[in-house]
Amino acid sequence: MDFVHFASTLLASPALVGVFCAFVFAYLHSRAAWNTRSRGLPLPPGPRRLPLVGNMFDWPKTYHWVAFRDMRARYGDVLYFDIMGRRMMILGDPSDILELLDKRSANSSSRDYSSLNSLPHPQDRSGIQPQRDAVRSKVEATQAHVLARVLPRRCPFLHAGAREIGTQVPQQAAHVAFEPTGECALVLFDVDVSDEGDELIEVVEAALEWHGDAFTPGKYLVEAFGILKYIPPWVPGATVQKLSVHWRSTVARLKMEIDRLAKTDTGGNSAVNRMVVRTAGSGEKFPDNDAEEIVRNVAAVAIDGGSDTMFSTVQSLFVAMSLYPDVQRKAQAELDVVVGPNRLPNFEDRDTLVYINALVREALRWQNVLPFAIPHQTVEDDEFHGHFIPAGTNIFPNVWACMHDPAIYPDPEVFRPERFIRDGKLDFSTVPDPTRFVFGFGRRVCPGRYFALNGLFINIASALHVFDITPPVDENGKVIKVDPQVSSGLLCYPEDCRCTIKPRSSQAESLIREAQSLY
Ligand code: HEM
C-alpha cells in the first residue's frame, strides 16, 4: 500500500482520523511537555537507545564498575542509560558524586521503587525504602546514634579462629570460614544462632539475593511493564511472580526472626534490655518507651546491612595479608610495641595504632564490598553540567572507579597502607580518606559506619596480633597462588580467600585460648 492509498483510506474513516489525530496530539503534547521540563537541555551522553528496550543490550552483564570506568573514555564522566523506561546515570568522578549525592542530597536520596522492588513489600526494609520525610524519623535517628556508640564487645574472627584453632591448633586452616550473620547476631545479642539452627542465616542470605536481583536493571520484563506483576504465579513463564512469593515470605520470616531474637530472654536479663543498656552506655534502662522498637530496628539494620559488608572486608584483608607479607610484618611490629605479647589489643590502643588504622582504610579502598554503594534515585528534575536529569533517575556512584583511579591513589591495585601515613600520622591531605566514599552519601550514608570501623579495627588488630597469615599450600606443601578477584554483584566478596593461619607464637596461642573462654 503506497502512502497516497494509505492516506485516502484513513481519511475515508472518521474514526481512524480521530485515532490518528489523538496519537499525533499525544506525541506532540509529550514532546512539548518534555521540552518544557528539560528546558531544551540534552540528557547526559551514553550509548544510543533502541525503541522500547532502550539500552538493555548495552548494560554490562558483570563487573559493571570496570565496564563503566572504561566507557568514560568514550562518553565522559557522566553516563546515561535508559533500560525499558528505568533511567540510570553513572557517575565516575569523585567531585561529581559529592556534588550530586551529598550537596544535592535533598533531591537525590530516594530509592528505586520499581514494580520489581514493590513485589516483596519493601516498606519493611529501611535500606531500600524510597525517600520519606526530609528529616529522618526519631526511631531512625536513634538507630544511627545507637550504632555510632556501640562498640563490638566480641571479636568474631578471634572467636571463630579460637573455635577452630583452640582445640587442636592445626597447621593450616583451609580458608577464612565462618558464618557472618551468625557472628553478627552473637556480637549484638549474645545469642549463638548456631545453637538454634540456621533459620536466621538462611533468611538473611535469601534477602541479600533479592537485593542483588532488585538492583540488576533489565533482568525482568516486569520493570518495563508494571502491569505484569498482576499475573498469577501459576501462569507458565511467570518467573518473577513465583520468585516474588518467595521474596515476600523471606521478608516476613526475616522480620519474625529479628523479633524473636530481640525478645530472647537469656537468664532473666532479656537481650532487649541488655542491648539497650549496653548501647545507651549508662547502666540505666533506656528512658524511652520506644526502647523495644528502637532495639528491634537496630537489630534489623545491623543484621541486614552489617553482616556481609563487614565480613567481606575482613576476608579481603586476610587475602591481602597473605599476598603482602611486608605489610603484615609492619602491622605486627606496631602491635608488638604498642600492645605487647601479654594481652589482646583494645579500643584504648586505637589512636596509637596508626599503621593498623591505615590498614583498615586500605582494606576498604582495595576491594569494595559495594562498588556502586546502593543506587540513589532523584525526586525532582535537575540539571547537571548542562544536562537534563529527569526525576526518577537512578544514580550509580562508581565508588570502585574513584577508589582505583591511579591519579588519586597511585598503583591502585597494590595494597599499601603507607599511602595514608605522613610523619608517623594518618594524613588524608594528599589522598582522600576512602571512608568518605565507601560508606555512601548524603541522607543515605551508611548508619552502621562507626560500628563497622570499630568492628574492623578490633577484628583486624586482634587477628594480626595473634595469627600469621600466609598463602595457602596444597597437599604437597606447594604454595597456591591466590588471585585477589572479587565476585560480581551488588555486594562483592573475595572469590578465593584461602590462606594459611597459624598462631604467631606459644604466647599468642595462649591469648587465643583465653579469648575462647572470654567470648
Ligand atoms: C565494611 C562495612 C560496611 C560498608 C562498606 C557499608 C557500606 C554501605 C553503603 C555504601 C551503603 C549505601 C549508602 C548509600 O546509599 O549512599 C550502606 C547502607 C546501609 N548500611 Fe552499611 N556498610 C557497612 C557496614 C554496615 C553495618 C555494620 C551496618 C549496621 C550495623 C550497616 C547498615 C546499613 C544500612 C541499614 C544501610 C541502608 C541505609 C539507607 O538506605 O538509609 N552497614 N552501607
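Keep in mind that what you see is a predicted model, and the values were worked out from it rather than measured.

**Brief notes about the site of the ligand**
Contacts to the ligand come from 26 residues, most closely from G305, G306, G440, C446 and G448. At the level of secondary structure, the elements contributing two or more residues to the shell around the ligand comprise α12 (291–323) and α17 (449–466). At 7 residues, α12 tops the list of elements feeding residues into the shell around the ligand. Residue composition of the shell around the ligand, grouped by class: 16 nonpolar, 9 polar and 1 charged.

**Some points on unusual backbone geometry**
The backbone phi angle of H385 is positive, close to 45 degrees, even though this residue is not glycine. Position of H385 relative to the elements: it lies in the loop between β6 (382–384) and β7 (387–389). The partly exposed category is assigned to H385, around which 14 C-beta atoms lie within 10 Å.

**Observations concerning the pairing of strand β8 (residues 393–397)**
Of all 5 residues making up β8, 5 are buried, and the element is well covered by its neighbours. In this structure, strand β2 (residues 86–91) lies alongside β8, joined through 5 bridges in parallel fashion. Paired with L91 across the bridge in β8 is P397.

**Quick look at the UniProt feature "binding site: heme" (unreviewed entry) in the protein**
Mapped onto this numbering, the UniProt entry gives "binding site: heme" (unreviewed entry) at C446. Along the chain, the position of C446 falls in the loop between α16 (435–438) and α17. Overall, C446 belongs to the buried group, with 23 C-beta atoms counted inside 10 Å. Here C446 is in contact with F439 and G440, once residues within four sequence places are set aside.

Cut-offs used in this document
- Residues numbered from 1 in each chain as written.
- Predicted model: local features only at pLDDT ≥ 70, side-chain atom pairs only at ≥ 80, totals over all residues.
- Near = placed C-beta within 6 Å.
- Helix = DSSP H or I, 4+ residues; strand = E, 2+ residues; numbered from the N terminus.
- Nonpolar A, V, L, I, M, F, W, Y, C, P; charged D, E, K, R; others polar.
- Buried ≥ 20, exposed ≤ 12 C-beta atoms within 10 Å, placed from the backbone.
- Pairing = 2+ DSSP bridges.
- UniProt positions renumbered as here; feature names shortened; annotations may be inferred.
- Contact = placed C-beta atoms within 7 Å.

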